[in-house]
Amino acid sequence: MYDLVIIGSGPAGLSAAIYALRARLNAVVLEKNYVSGGQVNDTYEVDNYPGIPGVSGMELADKMRKHADSLGVSFITAEAVRIDDNGDRKVIHTSKDDLETQNILIATGARHSKLNVTGEDTYAGHGVSYCATCDGGFYRKKTVAVIGGGNVAVEDAIYLANLCQKVYLVHRRDELRADKILQEKLFSLPNVEIVWNSTAKEITGADGKVSTLVVTDKNTGADRTLDVNGVFIAVGIVPNSALFGSLVETDEKGYICAGEDGKASVPGFFAAGDVRTKAVRQIATAVGDGAAVIHSVQQYLNTKKW
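What you see is a predicted model; the values in this text were computed from it and never measured.

Draft legend 1. Quick peek at unusual backbone geometry. Positive phi values are uncommon outside glycine, yet Asn 116 reaches one of about 60 degrees. Here Asn 116 is to be found in the loop between strand S7 (110-112) and strand S8 (128-129). For Asn 116, a relative accessible area of 67% translates into the label exposed.

Draft legend 2. Looking closely at a positive patch on the surface. Side chains of Arg 172, Arg 173, Arg 177 and Lys 218 sit close together on the surface and give a patch of like positive charge. Owing to a relative accessible area of 45%, Arg 172 belongs among the partly exposed residues under this scheme.

Draft legend 3. Structural view of helix H4 (residues 151-161). Those residues of H4 that sit buried are Ala 153, Val 154, Asp 156, Ala 157, Ile 158, Leu 160 and Ala 161. Elements that come into contact with the buried residues of H4 comprise helix H3 (132-135), strand S9 (143-147), strand S10 (166-170), helix H5 (180-187), strand S11 (192-195) and strand S15 (230-233).

Draft legend 4. Seen up close, the packing of aromatic side chains. Counted according to the given criterion, the structure contains three aromatic pairs. Ring centres of Phe 270 and Trp 306 lie 5.0 Å apart, and the angle between their planes is 65 degrees; on these two criteria the pair is classed as edge-to-face. Note that Phe 270 is positioned in strand S17 (residues 269-271) and Trp 306 in the segment after helix H6 (283-303), a separation of 36 residues in sequence. Given a relative accessible area of 0%, Phe 270 falls into the buried group. Taking relative accessible area as the criterion, Trp 306 reaches 34% and is therefore assigned partly exposed. On the basis of an interplanar angle of 85 degrees and a centroid distance of 4.9 Å, the ring pair of Tyr 300 and Trp 306 is categorised as edge-to-face. A connected cluster of aromatic rings, assembled from ring pairs, spans Phe 270, Tyr 300 and Trp 306. The side chain of Arg 65 reaches across the aromatic face of Phe 75, ending 3.5 Å from its centre. Sitting over the face of the ring of Tyr 255, Arg 281 holds its NZ or CZ atom 3.9 Å from the ring centroid.

Draft legend 5. Quick look at the side chain of Gln 183. Tracing the chain through its elements places Gln 183 in helix H5. Given a relative accessible area of 8%, Gln 183 falls into the buried group. Separated by 3.4 Å, the side chain of Gln 183 and the backbone oxygen of Leu 176 make a polar contact.

Draft legend 6. Structural detail: the side chain of Ser 9. You can see Ser 9 is positioned in the loop between strand S1 (2-7) and helix H1 (11-22). Among the polar contacts listed, one links the side chain of Ser 9 to the side chain of Glu 31, at a separation of 2.7 Å.

Draft legend 7. Spatial organisation of the nonpolar core. Core analysis: the largest hydrophobic core is formed by 33 residues, its most contacted members being Leu 4, Ile 6, Leu 60, Leu 105 and Ile 283. Of all the secondary-structure elements, those providing two or more residues to this core are S1, H1, strand S2 (27-31), helix H2 (57-71) and H6. Ranked by the residues each element gives to this core, the list is headed by H6, at eight residues. Here Ile 6 is in contact with Gly 13, Ala 16, Ala 17, Val 28, Val 29, Leu 30, Leu 105 and Ala 107, once residues within four sequence places are set aside.

Draft legend 8. Representation of the pairing of S11. Sheet topology places S10 next to S11; four bridges connect them, and they run parallel. Each bridged residue has a counterpart across the sheet, and for Tyr 168 the counterpart in S11 is Glu 193. In the classification by handedness, the crossover that spans S10, the intervening H5 and the parallel S11 is right-handed.

The rules behind the values
Residues numbered from 1 in each chain as written. Predicted model: local features only at pLDDT ≥ 70, side-chain atom pairs only at ≥ 80, totals over all residues. Heavy atoms only, no water. Helix = DSSP H or I, 4+ residues; strand = E, 2+ residues; numbered from the N terminus. Buried < 20%, exposed > 50% of the residue type's maximum accessible area, 1.4 Å probe, protein only. Patch = residues over 30% accessible without salt bridge, like charges linked within 9 Å, V, L, I, M, F, W, Y side chains within 5 Å. Areas by Shrake-Rupley, 256 points an atom, 1.4 Å probe, with all protein chains shown as cover. Salt bridge = Lys/Arg side-chain N within 4 Å of Asp/Glu carboxyl O. Lys, Arg positive; Asp, Glu negative; His and termini not counted. Charge placed at Lys NZ, Arg CZ, Asp CG, Glu CD. Contact = heavy atoms within 4.5 Å. Phe/Tyr/Trp six-rings, centres within 6.5 Å; stacked < 30°, edge-to-face > 60°. Lys NZ or Arg CZ within 6 Å of the ring centre and 35° of its normal. Polar contact = N/O pair within 3.5 Å; in protein donor to acceptor, adjacent residues only side chain to side chain. Core = buried A, V, L, I, M, F, W, Y, C linked by side-chain atoms within 4.5 Å. Pairing = 2+ DSSP bridges. Right-handed = clockwise from strand over helix to strand, strands pointing away.

What follows is the structure, given as structure tokens:
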């Protein structure tokens, strides 16, 4: 019987594991993949993690995993397929064995919604990005495209316009969904061109890097080729929470309802990182979640008060 099973080995899960070990909890990390780090591994370079500038995503993930390994954190590589909640005895049925635990920390993260167009996967991390604040700095004085029409897409376009020579904002409709104040700011920028009523068709490249984005006009059917150095996709993200939706409360988008203390709606369930309801989803905030939630786990183990 474990004190805590941490499901997920991204930054939140690894941070929680380190703090759990220091708290001398009987804890284990359950990870679906053989490589820890989650979405961090998909980032070509991370330049905004304090103290480690210019590190590749894979290198940062590796550093976090090695830190956990050096302390003796236990890992099990298997996929959680079903969870039975029996109060203080929760059973996690995995693709290998069953695990019994008093508490479960859900740190399964989220995945970016994809366009599913040709070239997207090929150039992911090499010109295709899902995070302007993470990767925008690599495109100073270059030309990029942002795809989307909501707040995130418009905020990304505004942010990139301060760095890039030119920014295309590609949107499938003839009006944006973003807040009006953001639209007003966007429309005032001289180096932003909005490509209305258009959808992405193909991302192409040369020498392993993005060089063009082909878009299709929905009204005319005509294709247009945009010469770009990068494509930022901002069409939403999807939390990896399907396994837990019947166990704990989630919001309308599927994020697990939990505050900074990590407590979910049901005793013994916690959430940390991108899978929980929060305003900012970054590596640094995920690591912070992982640290903070262990304090809540300790309190619950000591008092059984929720």
